[in-house]
Amino acid sequence: MTQDNLLSIRNLKVNFRLESGERFEALKGISFDIPKHRTVALVGESGSGKSVTSMAIMQLLPSNNTEVDPASEILFNGKNLLTLTGSELRAMRGKDVAMIFQEPMSSLNPVFTVGDQIAETLMLHAGLGRSAAKKRVVELLTEVGLPDPAKKAGAYPHQLSGGQQQRVMIAMAIACEPKLLIADEPTTALDVTIQKQILELIAKLQKKHGMSVLFITHDLGVVGEFADDVVVMRHGVIRETGTVKQIFDAPKDAYTKALLNCRPHLDRRPMRLAVIDDFLREGGYVEPAERQRGYLPDDEIILDVQGLGKSFESREGLFGKHVFHAVKDVSFKLARGKTLGIVGESGSGKTTVGLTLVRLHEATAGKALFHGKDILSMSPREFQDYKRRIQIIFQNPYASLNPRFTVGQILTEPMMLHDIGTNQHERLQMARELLERVGLPENAMFKYPHEFSGGQRQRIAIARCLTMKPELLICDESVSALDVSVQAQVLNLLQDLQDEYQLSYLFISHDLAVVKHISDQVMVMNKGEVVEQADADDIYLRPKQDYTRRLLSSIPQGWVNEAIVAA
Amino acid sequence: MTATVQTAPGMAAPVSKSLWALGWQRLKRNKVGFISLWVVSVYLLIALGGWFNVVGGNWLNEIAVPYAPPSWVGASGADVMPADAYDASGVESSAPIVTLARQEDPIGKELTEAEKDAGRYKVEEVKKRESLPFGADLRGRDVLQKTLKGTSTSIFVGIFGAVLALLIGTTLGAVSGYFGGKIDDLLTWFYSVFTSVPDMLLLLSFAAVSGRGITTIIMVMALTSWTGTYRLVRAEYLKLKSREYVQAASAIGASHSRRMFVHILPNISHLLLVQFSLMTVALIKYEAILSFLGFGVGVRQVSLGSMLAEAPSELVQGYWWQMLAVTIAMSILVTAFSLLVDALRDALDPKVK
Amino acid sequence: MSAYIIRRILQMIPTLFGVMLLVFTLFTLVGGDPTYILAGKHLTAEVLANLRAQLGLDKTLPEQFMIFVRQVLTLDFGTSWSTQQPVSDIISTRIGPSLTLTGSMMIVDLLIAIPLAAAVAYFRGGLTDRIVTIACTVAMSISALVYIIAGQYFLAYRMEMFPVRGWGDSLLTNLLVYVPLPLLMGLMVSLGPDIRFYRSFFLEEMNHDYVRTARAKGLSEKTVMLKHVLRNAMIPVVTTVMMSLPFLMIGALVLESFFGIPGMGNEVVMAVNKSDFPVIKAVTIYIALATMLFNLLADLVYKLIDPRVQLK
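Residues numbered from 1 in each chain as written. Chains lettered and ligands numbered in written order. Predicted model: local features only at pLDDT ≥ 70, side-chain atom pairs only at ≥ 80, totals over all residues. Heavy atoms only, no water.

A. Spotlight on the overall build of chain C. Helix and strand counts for chain C stand at 14 helices and zero strands. Secondary structure elements of chain C occur, N-terminal to C-terminal, as α-α-α-α-α-α-α-α-α-α-α-α-α-α. By principal-axis analysis of the C-alpha atoms, chain C measures approximately 85 × 60 × 35 Å. Each of the 312 residues in chain C was classed as buried or not, and the buried ones make up 51%. (Helix = DSSP H or I, 4+ residues; strand = E, 2+ residues; numbered from the N terminus. Buried < 20%, exposed > 50% of the residue type's maximum accessible area, 1.4 Å probe, protein only.)

B. Main features of the interface of chain B and chain C. In this assembly, 36 residues from chain B lie in contact with 39 residues from chain C. Where chain B abuts chain C, roughly 3300 Å² becomes buried across the two surfaces, and 80% of that area is made up of carbon and sulfur atoms. Looking only at chain B, the three residues that lose the most surface to chain C are Ser196(B), Leu201(B) and Val209(B), adding up to 16% of its buried area. On the surface where chain B and chain C come into contact, there are one salt bridge. The partner of Asp342(B) in a salt bridge is Arg196(C), and the shortest N-O contact between them spans 2.7 Å. Viewed at the interface, chain C and chain B are joined by six residue pairs in polar contact (both at pLDDT 80 or more). Those elements that place two or more of their residues in the side of chain B that touches chain C are α5 (181-196), α6 (199-209), α9 (256-292), α11 (311-317) and α12 (321-348) of chain B. At nine residues, α12(B) tops the list of elements feeding residues into the side of chain B that touches chain C. Residue composition of the side of chain B that touches chain C, by class: 26 nonpolar, eight polar and two charged. (Contact = heavy atoms within 4.5 Å. Buried area = accessible area lost by both parts, 1.4 Å probe. Salt bridge = Lys/Arg side-chain N within 4 Å of Asp/Glu carboxyl O. Polar contact = N/O pair within 3.5 Å; in protein donor to acceptor, adjacent residues only side chain to side chain. Nonpolar A, V, L, I, M, F, W, Y, C, P; charged D, E, K, R; others polar.)

C. Molecular detail of the packing of aromatic side chains. Residues and elements named next belong to chain C. Per the stated rule, a full pass over the model turns up 28 aromatic pairs over all chains. With centroids separated by 6.3 Å and ring planes inclined at 40 degrees, the aromatic side chains of Tyr-198 and Phe-201 adopt a geometry described as tilted. Of this pair, Tyr-198 and Phe-201 both sit in helix α9 (residues 180-206), separated by three residues, roughly a single helical turn. Accessibility assignment for this pair places Tyr-198 and Phe-201 in one class, buried. Each ring, one from Phe-258 and one from Phe-259, has its centre 6.4 Å from the other, and the planes form 50 degrees; the classification is tilted. The burial state of Phe-258 is the same as that of Phe-259; both residues are buried. (Phe/Tyr/Trp six-rings, centres within 6.5 Å; stacked < 30°, edge-to-face > 60°.)

D. Up close: the interface of chain A and chain B. Contacts between chain A and chain B engage 32 residues on the former and 29 residues on the latter. In total, chain A and chain B occlude about 2800 Å² of area from one another, counting both sides; carbon and sulfur atoms represent 54% of this. Sorting the residues of chain A by area buried against chain B places Glu19(A), Arg404(A) and His450(A) first, and these three jointly supply 26% of that buried surface. Where chain A touches chain B, the interface holds one salt bridge. For Glu413(A), the salt bridge identified is with Arg258(B), shortest N-O distance 2.6 Å. In this structure, the connection of chain A to chain B is made through twelve residue pairs in polar contact (both at pLDDT 80 or more). Where the side of chain A that touches chain B is concerned, the elements lending two or more residues are α14 (380-387), β17 (390-393) and α15 (407-417) of chain A. The biggest single contributor to the side of chain A that touches chain B is α15(A), with four residues.

Shown next as structure tokens:
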């Protein structure tokens, strides 16, 4: 690593002044280099300071509450970016250093055409005239692989899909041939197949233009395939720096090791997933035995869904109606103590399936036999008793707990509604036991949801379901919003609970690796229909449908060499 | 953010704070907001005092000569009308009140009754004062007392009107937004009918058909100003009913009313508080205009608006103190209320944490 | 698009019906018998009966409502009960002065408020921002009546800079002589809230991600503000203004009665005082119609300025 460095960060310290007057140290003096023509991945979980680093390079941090330590340096070609004047800074932004963001939809101005927004950069930095810029825009859009670029240049952001919007953002970023491209979680909001395309596009452009790329991500998996160097961050400090080979083959830092192992892998399925503590404590991590998955012939089927359908109607024209079929003819069986995973990309209808089963949406077709009784055709009064037995955990741990209830209230409410426990004292006692079971301290009872982290909140949501001792738990993207290390903990918890209470799970997720890890059987959905359904190992080893194969090949494989070896 | 301002971090055990408690903490940090809160509290006390006649209860007593100037101005402040221009013992006095001359017949009866009533108070009066702390009005009533009582009336009209409007708007908005469908169509129709007619026209029409008096004004204002709250609450319920915590409540078997009032309502309570404060300010201003146009409080009642109604003719004669008193009282009240609204909005915004 | 417009126009029918019901209920059922006021001193049973027949008040309620419906459909509201003038004449003569005053007031208000709001938002958090915001709050706290009373007394009566009250025949005289003072007073009242309102639109937009993108492109803060933010912030501004247009028709009630401007506001106060039902009915229906039309127009304009909006 003695090549020319394009960007060198030296002892970067950033503090945020909080409203309460306290200071939060976002970056505690980090140093790393971005060599010319190389891709550096900055990996970390939420709160690691990775995005703050990228914003600091672009100087886009809010000036009113940010303090950058005066001794910090961000050297770009030897020049300290932190001491640039306003106009020097503007000349640098978009020209030498360009940036793409996580949410392409909100990052584009909704009222200008995408062509205009790209042209704006060209006219500003490359000094092109309007018509020359227009021509160049079409070339750029062609380069980033937008279909029908001449026409799409006149489109507004909302008329493009998420992947297309991100392509536009990339076209805008590379418009002035920047030397450094900063990509801040550019694929996190996208479906896995689109993610693969965007990653390939960035890699291709990096080579073609000889740019350096700073790739910021929480997912170590996506890094392996195209980064040269990796920087691992946690809590505002750098834990480890090295080439991709070093990081993946011989990680030194315990946290890096943990990150590499926390994520479920497609090729193995340990009894329990590794968690960070496994690596930080002495003795290191010993991989547990493999877990066997799949339905057995004598499994007791508790839920039998037949021909489930859900359509939405919307108005069209003067008297017309437009019918949208979110779910079409979905059938599956779920056995006691087993997990059925439903995977699909956005718009596949997987979430709608879950919601119709707890009747948060009313199904428009089909039956769902729960212990032989159709829960979809029941009267609401009749279904009330079944609510206890079928529970759901949602995706967003920040939205699924009522912010004005204490944890105690959240946990005792379902017991009160279903007459579980004879008095409030007994209920509180049960709530305390459950809190302990899901790994939260007893004093959490009197706290409010906002005092907990995402993972803890998801534990509370799980505990809420457990108060009713359900037989079937629907997990709707329940671990998708969590950091990988927290995700592993929650997955382990779900697994333990299944082993202990013989719970059946309907596990809905877009994440194939997670689904593979936790499911006995997997159902792949696309555009409201079932594509394929089989035992978990079967579907991953021997996919029968093209769509399944495409999904599987889009999963980030970690480091490339490893993937070759595995293949 | 576990440490509070007062307790040193690390010293006290972390105390759990509800969102309200956190909001209160943020409000206390905001100096302007906190001072405003105190000012508003003082006004509320005055209003309460006025309601129970502890404050400004004697405003009807004609204790001074007509248009007695404020004591800090001196008797030469204005050309004072001769004291005997007004028949002090007059049971049959012919109501020579300039400002009320424009009033139409229907209230004539009340007016004479008011005179009689006022006459009764005056019997005990011995000597008229030449000046008062803030001057006197046409009939020698203490402007200070009158302003206190008037402020009290105005605040009560504002607060009760706002409470009523909030009640109507919240109930209809909650039902509309939560249930949707036919009932939503019906209520939205109701809403669009009310918003198709300008507020002021509606206010005047309501006021015209239902006679004068504080109760009428409160009813009239509530009936015309529930629409803003309806729209706000409907939109919030529409949004929150599909929030995951409400769906989770449905999944654990909570009834519709429990979801509506136990789960959703507390989560918009901060918006309702802001809406309530905004509406109170607006209604205090509306009351002034209504009273001024002659659709406001009754003759034997006083409000900031009815006092302002007397101002133009006084001003021409050079008696400016009543108007000044009202302006000061009202401006401080409304400024404090508005600043408090701003502070509340910042403090209770769940986005900042 | 045309399907949308047709459906919206069809939706106006129940709303208009509702407004009619509201007005009718208010004045016919809740309100007292107007004949007592109209009869004045000649209060004999015969006169009353005559009057009732004349006004159609002797008919049953459904019949009276049907007459009202017919009036709305033909837009012919008969004659005023108090002045015997045709209602259409009254409205056509009164609307001019009202629009002269409110129209000019709105234009001046927008011309001042929008640039000021944008400027204040640009310097958000700074001294200018604070001063303007506080000034607005204080200005808002003073009752409109105080401005008018004090303004009329000092500027017109004492300093004789403007006529105390009155109205002329030609538009030019009105604009140059009679409008300025009420306009000034109106602005004192409206500028404060408007600046704060528009400022919030600008601030709201400035928190969006696309502003960060624009900065990351290397655009100057001025371009970010004047191009990216302004264009987005104008969307709510334009819709708010569009929605408020029909209310210009009713005029500035208090200003008109104070400055003796023979406009709709003045007329409405008089009509309400005298329970002049035909006039109030007509004004209400006209304004309700205008409100509905302008709401539709606002949506169409919305579609024009915001590419995201789809009219379905």
